Amino acid sequence: MNVAEPILKVSGLCTEFRTIDGAVRAVDGVDFELYAGETLGIVGESGCGKSVTALSIMQLLQKGVGKVVEGEILFDGRDMLRISEKELRDIRGRDIAMIFQDSMTSLDPVFTIGFQMSEVLRRHKGMKKKEAMAQAVKLLEAVGISRPDEIVRSYPHELSGGMLQRVMIAMGLSCDPRLLIADEPTTALDVTIQAQILDLMSNLKTEYNTGILMITHNMGVVAEVCDRVLVMYAGYVVEVAEVKDLFARPSHPYTLGLLQCIPRLDEDREVLDTISGTVPPPYAMPAGCRFAPRCPYAKPECEASRPELYPIGNGHLCRCFRYKEGTTNA
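Residues numbered from 1 in each chain as written. Predicted model: local features only at pLDDT ≥ 70, side-chain atom pairs only at ≥ 80, totals over all residues. Heavy atoms only, no water.

(A) Local environment of the pairing of strand 2 (residues 22-34). Where strand 1 (residues 8-19) meets strand 2, 10 bridges bridge the pair, whose relative direction is antiparallel. Bridge pairing in strand 2 places Val10 opposite Phe32. With antiparallel pairing between neighbouring strands as the criterion, strand 1 and strand 2 make up a hairpin whose turn holds 2 residues. (Pairing = 2+ DSSP bridges. Helix = DSSP H or I, 4+ residues; strand = E, 2+ residues; numbered from the N terminus.)

If you want it as structure tokens, here you go:
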């Protein structure tokens, strides 16, 4: 059991968005802790609330559209929902860095790559212009970009999606942050560069005791780099476990479905398994368990009421009535 204080503690996080049909809740009661030197993976289908959770932590939701309506986000004991905008600007980039999923829209098209990278280093590390530009070249080289001295003079539209993704990763790593939030960091990268990036992130964790929040669809990445895993479905957490435990004994039917969809070299299958049905829209969530309409084990109780996260041993939690106290796991 980890006796240290977490660097990030999220409690009861609820985030809503304004729509023409009224407010819809994209994240509903999410709780987790992240410790220094730990990698916590968040997995789930598109639209389950992974990226919204990350944006809520960083306080980067579009004003007037998205809003955290309940909960608490503590970073090093400071409440991210109640500190000033100046304090937020100081924390972002220096103490907490985020690698965004959509690199094409995350960089300013009117400034060069070098200018944008060096701006971060000058703002948060106090480097002079020439020193910051030289460091930007080193960072680009570290993430596998050839001709980095030329790339720093390029504009975002002149680079491919994969190269832009590596630029974003370099910027995220530039200030050796205490917390790194990586939203699909290896998207659009080939397997060789992907391995290189994961090694860089692992080194950051080892050398600087950085906590990493890894948001991904790739269960292979989860198995390779994560210590614990948070499985999300339709805006809330359905399972939490140590990574080895999750793969050894997936307990929630949704987690089991995700793992069964992965192709395996030791199986000869012409058609991959799928999870029947679709994720419910946020404006029409089921009254009970949100996975019940797609679950092969669903019972009347599942449709009538919402299960809690039940402990099933060794820090493993599962939001399923099959693990409710006094019931069997069958």
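Read on, since the account is not over.
(B) Geometry of the packing of aromatic side chains. Evaluated as defined, the whole model comprises 5 aromatic pairs. Three or more aromatic residues joined by ring pairs form one cluster here, namely Tyr233, Tyr254 and Phe291. When the ring centre of Tyr236 is taken as reference, the NZ or CZ atom of Arg319 above it lies at 4.6 Å. (Phe/Tyr/Trp six-rings, centres within 6.5 Å; stacked < 30°, edge-to-face > 60°. Lys NZ or Arg CZ within 6 Å of the ring centre and 35° of its normal.)

(C) Broad picture of unusual backbone geometry. Residue Asp176 is not a glycine yet carries a positive backbone phi of 50°. By the element assignment, Asp176 lies in the loop between helix 7 (161-173) and strand 7 (179-183). A positive phi angle, near 50°, is found at Ala234, a position not held by glycine. As for its position among the elements, Ala234 is in the loop between strand 9 (228-233) and strand 10 (236-242). Under the relative-accessibility criterion, Ala234 is labelled buried at 3%. (Buried < 20%, exposed > 50% of the residue type's maximum accessible area, 1.4 Å probe, protein only.)

(D) Seen up close, the pairing of strand 4 (residues 66-75). Of the strand pairs in this sheet, strand 1 and strand 4 are connected by 8 bridges, and their pairing is antiparallel. By the bridge assignment, Glu16 is partnered in strand 4 with Lys67. By the bridge criterion, 2 bridges tie strand 4 to strand 5 (residues 78-79) in an arrangement that is antiparallel. Of the residues in strand 5, the one forming a bridge with Phe75 is Arg78. Between strand 4 and strand 5, which pair antiparallel one after the other, the connecting turn spans 2 residues, and Asp76 there sits at a positive phi close to 50°.

(E) Main features of a nonpolar patch on the surface. Among the surface-exposed residues, Val110, Phe111 and Phe115 lie close enough to one another that they form a single nonpolar patch of about 270 Å² accessible area. Checked against the element boundaries, Phe111 lands in the loop between helix 3 (103-106) and helix 4 (113-125). (Patch = residues over 30% accessible without salt bridge, like charges linked within 9 Å, V, L, I, M, F, W, Y side chains within 5 Å. Areas by Shrake-Rupley, 256 points an atom, 1.4 Å probe, with all protein chains shown as cover. Salt bridge = Lys/Arg side-chain N within 4 Å of Asp/Glu carboxyl O.)

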